[in-house]
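Reading the structure
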Amino acid sequence: MQTGDTAVTPQRIGVPKEVFSGEKRVATVPDVVTKLVKLGFAVVVEQGAGDLADLSDAAYVEAGATIAPNAAALWSGSDIVFKVRAPTPDEVALMHEGQTLIGFLWPAQNPDLMQQLAAKKVTALSIDALPRTLSRAQKMDALTSMAGVSGYRAVVEAANAFGRFFNGQITAAGKVPPAKVFIAGAGVAGLAAIGAAASLGAIVRANDTRAEVADQVVSLGGEFVKVDYEEEGSGGGGYAKVMSEGFQAAQREMYAQQAREVDIIITTALIPGKPAPRLITADMVKSMKPGSVIVDMAAEQGGNCELTEAGKAVVKHGVTIVGYTDLVSRMARQSSTLYGTNLFRLTEELCKTKDGVINVNMEDDAIRGLTVIKNGEITWPAPPLAAAPKPAAKPAAAPAAKKGHGHGEPSGPMPVGKLLSVAAVTAVLFVLVGAYAPAEFLSHFTVFVLACFVGYMVVWNVKPALHTPLMSVTNAISSIIAIGALVQISPIADAADRPNTLIIVLASVALVLTAINMFGGFAVTQRMLAMFRK
C-alpha cells in the first residue's frame, strides 16, 4: 500500500511462549496465522510456544509464520505481541517503546503492571476490558469464549470425580438413578455447564441472581431454582451485582436445601473487581451425601466454597472439592483456537485497511474500552459508553386523530355518524344484490359471508398454541368437497346427462385425495392435542 510516495511496512505480530506456571494455551494457532498473513501482517512465533497445546512449530511455519529461537528475539523483533496471560516483569523488560501488547491484563487487579507498561511507553489492549454490551464486540469477547470452555470442562472434572453414571439406567444388575447436578450461577460458564450436564443425562438445576436467565436455563434442559426473595440482580454489562443481606440469607437457605439433595454442585459466581462470593459453607458440605462432588470454578478468586483449596482437588467430609484454576488450560488446543480467533477479529477491527498496520482508534467505543494504555499514557478506566439517542418525538397529531391512533394505542369506538354511514352503504349494496343478482349467487354469497365470519371467530378465539391442531382439523373438515366428487360419479338416470370418462376419472382421483386429507387431518389433530394433555 502507498501513502503518498512512502511504502507502508507491514507490522510483525509476535506470539511468545507463555511462562505462567501451568498455562498450556498459546495466543494464536496455525489456522489463524494464515488469516493474519492475509491481512498483511508478518507473524513470528517463539520456538515451542504451541507444544503444550499440541501445535508444532512445523505447523506454524506451514501456515506462514517464522520461528524465533527465544523470547528475547521475539519481543525485540515484534511490533505487536499477542499474549494469553499478563506479562511478567522479565517480559516487560524485553518490551520497547511503541510496541503494542494485547492479552488478558486485568488492569484493576494489576496496578503495578500498568505503571511498568506505561514507563515503557507502549500501547496495551486488555481483552478482558472489552465492553461486552456492544453487539459487534461479541466476536472479540475472549472472556465468553474461555468461560464456555471452562464450564464444559467443569462438568468433565465433576464426572471424573463422581465415579457414577450421570444418566439413569435400568440394567439386569439393577436400576441406576440419574445424577442430580446443581449449578450456582448461570452466566456463560454456568450455561455451558448446564448444557454439558444435561446432555450427559443428569437432572440439572441452576440458580442465578438475574431472573432474566431463567428461560436460557430451561432451554438448555435445566430447571431454574428461584430464590424466595424479590430483588433485581443484574449489575450491568452482563454481570451480576452484590445482593442485599436479605437476598443473601434467602439464597443461603436455598443452597443449603440443594446441598442436601444433589450429588454435584458446580459454582461459577464471580463479580468483577471483587473476591468471589462465598455460597457454599462448611456446614453445607457436611450435609452433602458421601461421594458427592463440588467443582469451584471461582477458586482462583478465593472460591465460592468455604473449603476450596485453589489448584487442588481435596476430600473433606466425604465430599470431593475440585478447586482447579487451570480448567481452560486442560483443553488447551480448543481454548487456544477460540482465543486466537477472538484476537484475529480484534485485529480486523484494528486493521480495516488490510495493509498489515493497526490503528488504535480511540473514537471507536470497542477499541476505546479495550485500550488501557496508549503510547505510555494510562487511559483506563474508559469513560462510560454514551447512551443510545432517544428517537425523535413524533409531531403532534391533528385533534381529530389524537384518540386511539397514536403511539400504538388501540383505536377507540367508531363515531356514531360514521357507523350509520357504513351501515347505510352496506344495506344499499345488499338491496342491489338481492334485486339484480341471480338467486344462485345470493345463496352462495350468503354462505361465503357466513364462512368468513365463522372462520374469523374460530381463529381469533383459539389460543395460539392450538392453532396447528386447529389447522389440521379444519383441513379435515374442508374435505367436504368429497361430496362434489361423489355427485360427479354417482349414477344418473338420464344417460345423456352422464359425465364423460375423463370427468369420472378426475372425480375418482379427487375422492381418493380428499379421503387421505380427511382421515390424516383428524389423525394429526388427535396426536397434537395429546401433546397438550397432562
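Residues numbered from 1 in each chain as written. Predicted model: local features only at pLDDT ≥ 70, side-chain atom pairs only at ≥ 80, totals over all residues. Heavy atoms only, no water.

Attention shifts here to the overall build of the protein chain. Assigned secondary structure in the protein chain consists of 17 helices and 21 strands. Out of the 534 residues in the protein chain, the part that is buried amounts to 39%. Summarising the internal contacts of the protein chain: among those between residues at least 6 apart in sequence, 62% fall at separations of at least 24. Only carbon and sulfur atoms are counted for the fraction: they give 61% of the accessible area of the protein chain, which is about 29,300 Å². (Helix = DSSP H or I, 4+ residues; strand = E, 2+ residues; numbered from the N terminus. Buried < 20%, exposed > 50% of the residue type's maximum accessible area, 1.4 Å probe, protein only. Contact = heavy atoms within 4.5 Å. Areas by Shrake-Rupley, 256 points an atom, 1.4 Å probe, with all protein chains shown as cover.)

In this sheet, strand E20 (residues 371-374) lies alongside strand E8 (residues 123-126) in antiparallel orientation, the contact comprising 2 bridges. Counted as the bridge partner of Leu-125 is Thr-371 from E20. With 2 bridges connecting them, E20 and strand E21 (residues 377-378) associate as antiparallel partners. Looking at the pairing, Ile-373 lines up with Ile-378 of E21. Here E20 hands over to E21 after 2 residues, with Asn-375 in that stretch at a positive phi of 55°. (Pairing = 2+ DSSP bridges.)

Take a probe with the size of a water molecule and roll it over the atoms, and the empty space left behind shows itself. If you walk through the whole model with that rule in mind, you get 1 cavity of 30 Å³ or more. Of the voids in this model, the largest cavity is the one considered here, and its volume is about 50 Å³. Around the largest cavity, the lining residues are Lys-17, Glu-18, Glu-23, Lys-24, Arg-25, Gly-48, Ala-49 and Leu-52. Here the lining of the largest cavity is composed, by residue class, of 2 nonpolar, 1 polar and 5 charged. (1 Å grid on protein atoms, 1.4 Å probe; cavity = no way out; pocket = protein on both sides within 12 Å on 5 of 7 lines; lining within 4 Å. Points joined across faces, edges and corners; volume = space filled by probe spheres on them. Nonpolar A, V, L, I, M, F, W, Y, C, P; charged D, E, K, R; others polar.)

Moving on, we get to a nonpolar patch on the surface. Judged by side-chain polarity, Val-425, Val-428, Leu-429, Leu-432 and Tyr-436 come together as a nonpolar surface patch covering roughly 540 Å² of accessible area. With respect to the helices and strands, the residue Leu-429 is situated in helix H13 (residues 416-436). (Patch = residues over 30% accessible without salt bridge, like charges linked within 9 Å, V, L, I, M, F, W, Y side chains within 5 Å. Salt bridge = Lys/Arg side-chain N within 4 Å of Asp/Glu carboxyl O.)

Structurally, the position occupied by Val-155 is in helix H6 (residues 142-162). When the C-alpha positions of Val-155 and Ile-266 are compared, they lie 7.9 Å apart, and in sequence the two are 111 residues distant. Apart from residues no more than four positions distant in its own chain, Val-155 is found in contact with Phe-166, Ala-193, Ala-196, Ala-197, Leu-200 and Ile-266.

The subject of this paragraph is helix H7 (residues 188-199). An ideal rise of 1.5 Å per residue puts 16 Å on 12 residues; H7 measures up with 17 Å between its terminal C-alpha atoms. Against the buried residues of H7 lie H6, strand E11 (180-184), strand E12 (203-207), helix H8 (214-219) and strand E16 (264-267). Gly-201, located one to two residues past H7, shows a positive phi value of around 100°. (Expected span 1.5 Å × (residues − 1).)

Attention now moves to the packing of aromatic side chains. Following the criterion strictly, the structure yields 4 aromatic pairs and no others. A centroid spacing of 5.4 Å and a plane angle of 20° characterise the contact between Phe-104 and Tyr-339, whose relative ring orientation is stacked. Here Phe-104 is found in the loop between strand E7 (100-103) and helix H5 (111-119), whereas its partner Tyr-339 is found in helix H11 (residues 332-350), with 235 residues between them in sequence. Like Tyr-339, Phe-104 is buried. For the ring pair Phe-182 and Tyr-255, a centre distance of 5.5 Å and an interplane angle of 65° mean the geometry is edge-to-face. Of this pair, Phe-182 sits in strand E11 while Tyr-255 sits in helix H9 (residues 245-261), placing them 73 residues apart in sequence. (Phe/Tyr/Trp six-rings, centres within 6.5 Å; stacked < 30°, edge-to-face > 60°.)

This paragraph deals with the sheet that holds strand E17 (residues 293-296). Taken together, the 7 strands give an open sheet; going across it, the order is E13-E12-E11-E16-E17-E19-E18, and neighbouring strands pair in mixed fashion. The open sheet has two edge strands with one neighbour each: strand E13 (223-224) and strand E18 (313-316). Packing against the sheet, H6 makes contact with E16, E17 and strand E19 (319-322), and its axis sits at approximately 155° to E17. (Axes fitted to C-alpha atoms, helices over the stretch in contact; angles between N-to-C directions.)

This paragraph deals with the pattern of salt bridges. Oppositely charged side chains are able to pair whenever their charged atoms sit close together. Tallied over the full model, the rule gives 19 salt bridges. Taking the shortest distance from any N to any O, the salt bridge between Glu-300 and Arg-85 comes out at 3.4 Å. On the criterion of sequence distance, the pair formed by Glu-300 in the loop between E17 and E18 and Arg-85 in the loop between strand E6 (80-82) and helix H4 (89-93) is long-range, its members being 215 residues apart. On the basis of relative accessible area, Glu-300 is assigned to the partly exposed category, the value being 42%. Notably, a salt bridge pairs Glu-349 with Lys-139, separated by 3.0 Å at the nearest N-O pair. Of this pair, Glu-349 sits in helix H11 while Lys-139 sits in the loop between E8 and H6, and the two are 210 residues apart along the sequence.

Burial of E12 is extensive: 4 of the 5 residues sit out of reach of the surface. For E11 and E12, the ladder comprises 5 bridges, and the chain directions are parallel. Residue pairing for E12: Val-181 is matched across the bridge by Val-204. Once you follow E11 into H7 and on to E12, the crossover reads as right-handed. Pairing analysis gives 2 bridges linking E12 to E13, with the strands arranged parallel. Pairing of Ala-206 across the sheet is with Phe-224, part of E13. In this fold, E12 hands off to H8, which returns the chain to E13; that crossover is right-handed. (Right-handed = clockwise from strand over helix to strand, strands pointing away.)

If you look at soluble globular proteins, the nonpolar side chains tend to sit buried side by side. Membership of the largest hydrophobic core comes to 46 residues, with the highest contact counts inside it found for Phe-82, Ile-102, Ile-127, Tyr-339, Leu-346 and Leu-350. For this core, the elements supplying multiple residues, two or more each, are strand E3 (12-15), helix H1 (30-38), strand E4 (42-46), helix H2 (57-63), E6, H6, H11 and helix H12 (365-370). Considering each element in turn, this core owes the most residues, 6 residues, to H11. Contacts of Ile-127, omitting those with residues within four sequence positions, involve Gly-103, Phe-104, Met-140, Ala-142, Tyr-339, Leu-343, Leu-346 and Leu-370. Grouped together as the second largest cluster of nonpolar side chains are 31 residues, Ala-147, Phe-166, Ala-179 and Ala-186 included. (Core = buried A, V, L, I, M, F, W, Y, C linked by side-chain atoms within 4.5 Å.)

What follows is about the confidence of the model for the protein chain. Of all residues in the protein chain, 81% have pLDDT values of 70 or greater, and the mean over the chain is 85. Every residue in residues 1-5 scores below 50 in pLDDT, and together they form 6 contacts with partners more than four places removed in sequence or on other chains. Scored below 50 in pLDDT, residues 398-412 makes 7 contacts in the model with residues more than four places away or belonging to other chains. (pLDDT = per-residue confidence, 0-100.)

Mapped onto the fold, Leu-101 is located in strand E7. Considering only alpha carbons, one finds Leu-101 and Ser-126, 25 residues apart in sequence, at a separation of 8.2 Å. Filtering out sequence-adjacent residues up to four positions away, Leu-101 remains in contact with Trp-75, Val-81, Lys-83, Pro-87, Met-95, Leu-117, Thr-123, Ala-124 and Leu-125.

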